[in-house]
Amino acid sequence: MHSTSVLILVGVVGLALGALLAFLATRGRQNIDRTQELELRLKEANTKLEDFQVQVNEHFDQTSQLVHNLTQSYRDVHEYLANSAMRLSSQDIGRQMLEAGSGQLSDNDENLSVFPPRDWAPKEPGSKGTLSEEFGLEKEVQAPSPAVAPSSETAVNR
């Protein structure tokens with residue numbers, strides 16, 4: 001009997017040790033699988049980010065080229081109009097158009113001065129201007145209202 005109980009005890013201990021070893025082996029393997037999965041996801045995210053950065057760079061390159069083409073087209077149209085103005089009208093008008101297209105200002109710079117609107121300026125010293133928040137608003141003086149006595153008409157109608 002002694003040998004049977006020892007045999008059962010050894011079997012139970014062996015089963016418990018086997019279960020413990022199996023648990024530890026699968027747990028370690030799950031951590032390795034999880035780490036590999038996270039590394040794979042990280043690589044995919046980095047690839048997507050790099051693709052996006054390439055697309056952004058291509059977008060700005062194309063936008064820059066299109067703006068350059070637009071600017072060149074504007075210059076071509078302006079030169080065409082200026083040349084047509086020189087042929088079809090006086091040379092002074094054509095010359096002014098060419099100078100305006102090149103960014104140069106005419107000799108009449110003092111005539112092109114821009115002044116701010118003067119509607120904010122007060123009419124008299126110390127008075128508020130028309131753009132003032134208080135312009136046109138008078139402070140109302142509250143007069144005491146007299147007590148209203150019942151009229152004779154209301155008494156007659158009753």
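What counts and how
- Residue numbers run consecutively from 1 along every chain, following the written order of its sequence.
- Reporting of local features is limited, given that this is a predicted model, to residues whose pLDDT is at least 70; pairs of side-chain atoms are given and counted only at 80 or more, and all residues count toward the totals for whole chains, interfaces and linings.
- The basis for every side-chain value is the complete set of non-hydrogen atoms in the structure, without hydrogens or water.
- Each helix corresponds to a stretch of at least 4 residues labelled H or I by DSSP, and each strand to a stretch of at least 2 residues labelled E; elements are numbered beginning at the N terminus.
- Exposed residues in this analysis have more than 50% of their type's maximum accessible area, buried residues have under 20%, and partly exposed residues fall in between, with area computed by a 1.4 Å probe over protein chains only.
- To measure how exposed things are, a 1.4 Å probe is used in the Shrake-Rupley method; for residues, cover is taken only from the protein chains shown.
- Patch criteria: residues need more than 30% relative accessible area and no salt bridge. Like-charged residues are merged within 9 Å; nonpolar side chains of Val, Leu, Ile, Met, Phe, Trp and Tyr are merged within 5 Å.
- Definition used for salt bridges: Asp or Glu carboxyl oxygen within 4 Å of a side-chain nitrogen of Lys or Arg.
- Each residue carries a pLDDT value, the predictor's own confidence for that position, ranging from 0 to 100.
- Here a residue-residue contact requires only that any non-hydrogen atoms of the pair lie within 4.5 Å.

S.K.: Explain the overall build of the protein to me, please; I cannot follow it from the model alone.
M.R.: Helix and strand counts for the protein stand at three helices and zero strands. Reading the helices (α) and strands (β) of the protein from amino to carboxyl end gives α-α-α. Looking at the protein as a whole, 4% of its 158 residues qualify as buried. As displayed, the protein offers around 15100 Å² of accessible surface, 59% of which is attributable to carbon and sulfur atoms.

S.K.: Can you help me understand a nonpolar patch on the surface in this one?
M.R.: Where nonpolar side chains cluster on the molecular surface, the patch consists of L9, V13, L17, L20, F23 and L24 and spans about 590 Å² of accessible area. On the accessibility criterion, L17 (49% relative accessible area) is partly exposed.

S.K.: Explain the confidence of the model for the protein to me, please; I cannot follow it from the model alone.
M.R.: Close reading of the predicted structure is inappropriate where its pLDDT is low. Residues at a pLDDT of 70 or more form 61% of the protein, whose mean pLDDT is 75. Element-level mean pLDDT values for the protein span from 48 in helix 3 (residues 152-157) up to 87 in helix 1 (residues 2-88). Low pLDDT (under 50) marks residues 152-158, which in the prediction has zero contacts with non-local residues, meaning those over four places away or in another chain.

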